[in-house]
Amino acid sequence: MRLWDPRIEEMPKEDLQKMQYRLLKSLVYRLYSFSSFYHDRMKEQNVHPDDIQELSDVRKLPFMFKRDLRDNYPDRIFTAPQEDLVRYHVSSGTTGKPTVVGYTQNDLNYWSESLARGLTSIGLGRGDIIQVSYGYGLFTGGLGMHYGAERIGATVLPTSVGNTERQIELMQDLGATAIACTPSYLLHIGEVAEKMGVSIKKDTNLRAGILGAEPWTEKMRLRIEDWLGIKAYDIYGTSELSGPMFTDCAEQKGVHIWSDLALVEIIDPKTEEPLEPGEKGELTITMLQKEALPMIRYRIGDITSLEEGICSCGRTHPRIQRIQGRVDDMLIIRGINVFPSQIEHALMGIPEVGQHFQIIVERKGALDDMLVRVEVAKEAFSDKINDLMQIRSNVEHKLRNSLNVNVNVELVEPGSLPRFEGKSKKVIDKRSM
Amino acid sequence: MDTKKFVIRQISIFSENRPGRLAAIAHALGEENINILAFSIAEANGFGVVRALVDHPEKAHDKLVKLGFNTAFTDVIAVKMRDQPGGLYEVAKILGDSGINIEYSYAYSGKEGAVLILRVDLVEDAIKKIKNSGATLLENSVFH
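These numbers come from a predicted model, not from an experiment.

**Overview of the overall build of chain B**
When helices and strands are tallied, chain B shows 4 helices and 6 strands. Listed N to C, the secondary structure of chain B is β-α-β-β-α-β-α-β-β-α in terms of helices and strands. For chain B, the residues scored as buried account for 31% of the 144 residues in total. Across chain B, contacts joining residues at least 24 apart in sequence account for 69% of those joining residues at least 6 apart.

Structure representation (structure tokens):
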């Protein structure tokens, strides 16, 4: 099956926008009338539902931030009564106090539908065996992907995270054709498999990875595809949107954001002005059909750009490009903005070092000092100190060129940098300790 | 001349320069009952390379790789020196006169007397020149 919901997925853009306008208008009326939180916010902004006369009037509405959920912990801004909720998820709280999201049956349904479209678009369906190696539980990844995969009639292998050797055995024994997990966990699986004498490429049926929940790069995609012999697809989402929700299609030219579910804006994080398609800025999403926790102009904090053109797969819905970093992950080193993703990107072009790295930022005297620790690849190890020194200065040189800031590099033993089974924490900023 | 029998397989191990790394390597080799006949450490800022001649290089390599160490084989040669003043000079002069560069070297004094382990840029040439000059090269069977 090529399309899960052809009527929606190939709907002409004008029709989609009309649909978005209708959905936005009724959402705003509903929230203004029935939620004190949204009502007060709109009053403060001096905007009334009647002011929404066309789609671009969304810009008149106030922004929402993660702190709105934290400040109203656990469920004070939910717009559905508890008895209508069928599930809670709780975010990990890596950037502060945890946040709770609630779902009605319709919310879960749209979430699964969204994933069903995405999974179909990468060629998965009935007959496929999808290993879900996202964590099951409070985290949205495991259960979200689970129901999405069941929706398309695939067989789910719900391995969750951890016990990697067993995951690899089951992948082989049951013939999993796709795996959903974080890219760093897939790299870990690849490494453990090699130690077990298993080649993912030759000894398994795996042909697709649905990878997300942490930033990764195009180069990492190519590396994963080449090494493991699979197609690696990006998946995007946050718990506030529902969870992992939107994916690449088979064209791998960006993540399709379904217009009937979400209205996307890219804004300049400083001026809050809208940016043109193609310009890099902060992703801002309005969820058009959520019942329990609608998000209006939610400032996710991810940096990306929007592609409005019709995709070569035929789908008319806009695509976001790979996440370039986070507004709040941005490190400022000697006044220069540095994203960990830039470092990852630069390292991927240097085969002498592995794909893992750790950034340590310290203040030495008055100056910021950035140390990047990398592992020497097995193939690159030379008995000669000079060759190793050369690798180090080469890495320092390339990082300096791409970041415009001085970087010290430390070569460490392979396997010695921490591997993360969930979201990677690759930065140790000692300045803030 | 069969030069192959004089080529000795040294194992080289990448190591971070922090406490306990040499102990970890030595412990691993001890566990496998591998004897270290000669070794040296080269260090640079933050990391080093441990080089060793052992009686079972393959076994040592496999064990260290299994433990996650970055390990490689390097070809070296071993020359017997006179264990008295001028002994090192005689060997070094042969190579210097022949335009062969010594990348690194280390020595030990064992039951064969004083022995100089050499990593040179032109292994075959070095073996021929040393042989022709009358000095004694140790065969790899002495080690492995």
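**What to know about the interface of chain B and chain A**
Accessible area lost when the parts come together is the quantity often used to give the size of an interface. Each side of the interface is counted separately: chain B has 16 residues, and chain A has 14 residues. For the side of chain B that touches chain A, the secondary structure elements donating two or more residues are β1 (8-16), β2 (36-44), β3 (47-54) and β4 (71-81) of chain B. Here the element with the most residues in the side of chain B that touches chain A is β1 of chain B; it accounts for 4 residues. Its residues assigned to classes, the side of chain B that touches chain A shows 7 nonpolar, 6 polar and 3 charged.

**Digging into the packing of helix α7 (residues 164-174) of chain A against helix α8 (residues 183-195) of chain A**
Each pair of packed helices can be summarised by the angle the axes make with each other and by the distance between the axes. Residue and element names in this part refer to chain A. Running from amino to carboxyl end, α7 crosses α8 at an angle of 80 degrees, the nearest separation of the two axes being 10 Å. Our classification of the angle between α7 and α8 gives roughly perpendicular. In contact with T164, E165, Q167 and I168 of α7, α8 contributes H188, I189, V192 and A193. Of the residues assigned to the contact of α7 with α8, the class counts are 4 nonpolar, 3 polar and 1 charged.

**Topic: the sheet that holds β1 of chain B**
Pairing between the strands of a sheet comes from backbone hydrogen bonds, and it takes one of two forms, parallel or antiparallel. Residues and elements named next belong to chain B. Ordered in space as β2-β3-β1-β4-β6-β5, the 6 strands form an open sheet in which the pairing is antiparallel. The strands lining the two open edges of the sheet, one partner per strand, are β2 and β5 (102-110). For this sheet, the mean angle separating the axes of adjacent strands, direction not counted, is 30 degrees. The sheet contact formed by β1 and β4 spans 6 bridges and is antiparallel.

**Focus: the nonpolar core**
If you look at the biggest cluster of nonpolar residues, it comprises 80 residues, and the most contacted ones within it are I130, A178, A180, A262 and I285 of chain A. Setting aside chain neighbours within four positions, we find I130 of chain A in contact with L124, A149, A154, V156, L157, A178 and A180 of chain A. Counting residues in hydrophobic clusters, the runner-up holds 57 residues, among them V374 and L411 of chain A together with I13 and I25 of chain B.

**Here's the deal with helix α5 (residues 105-121) of chain A**
Residue and element names in this part refer to chain A. The end-to-end C-alpha separation of α5 is 24 Å, in line with the 24 Å expected for 17 residues at 1.5 Å each. Counting buried positions along α5 yields 13 of 17 residues, so the element is predominantly enclosed. One or two residues past the end of α5 sits G123, with phi positive at roughly 85 degrees.

**Comments concerning the sheet that holds strand β14 (residues 319-320) of chain A**
All names here are of chain A. Taken in spatial order, the 3 strands line up as β9-β14-β13 in an open sheet, and their pairing is antiparallel. Since the sheet does not close on itself, it has two edges, and those belong to β9 (255-256) and β13 (306-307), each with one partner. Two elements, β9 and β14, share 2 bridges in a ladder whose sense is antiparallel. Bridging from a neighbouring strand, V255 pairs with I320 of β14.

What counts, and where the lines are drawn
Residues numbered from 1 in each chain as written. Chains lettered and ligands numbered in written order. Predicted model: local features only at pLDDT ≥ 70, side-chain atom pairs only at ≥ 80, totals over all residues. Helix = DSSP H or I, 4+ residues; strand = E, 2+ residues; numbered from the N terminus. Buried ≥ 20, exposed ≤ 12 C-beta atoms within 10 Å, placed from the backbone. Contact = placed C-beta atoms within 7 Å. Nonpolar A, V, L, I, M, F, W, Y, C, P; charged D, E, K, R; others polar. Axes fitted to C-alpha atoms, helices over the stretch in contact; angles between N-to-C directions. Parallel < 35°, antiparallel > 145°, perpendicular 65-115°, else oblique. Pairing = 2+ DSSP bridges. Core = buried A, V, L, I, M, F, W, Y, C linked by C-beta atoms within 7 Å. Expected span 1.5 Å × (residues − 1).

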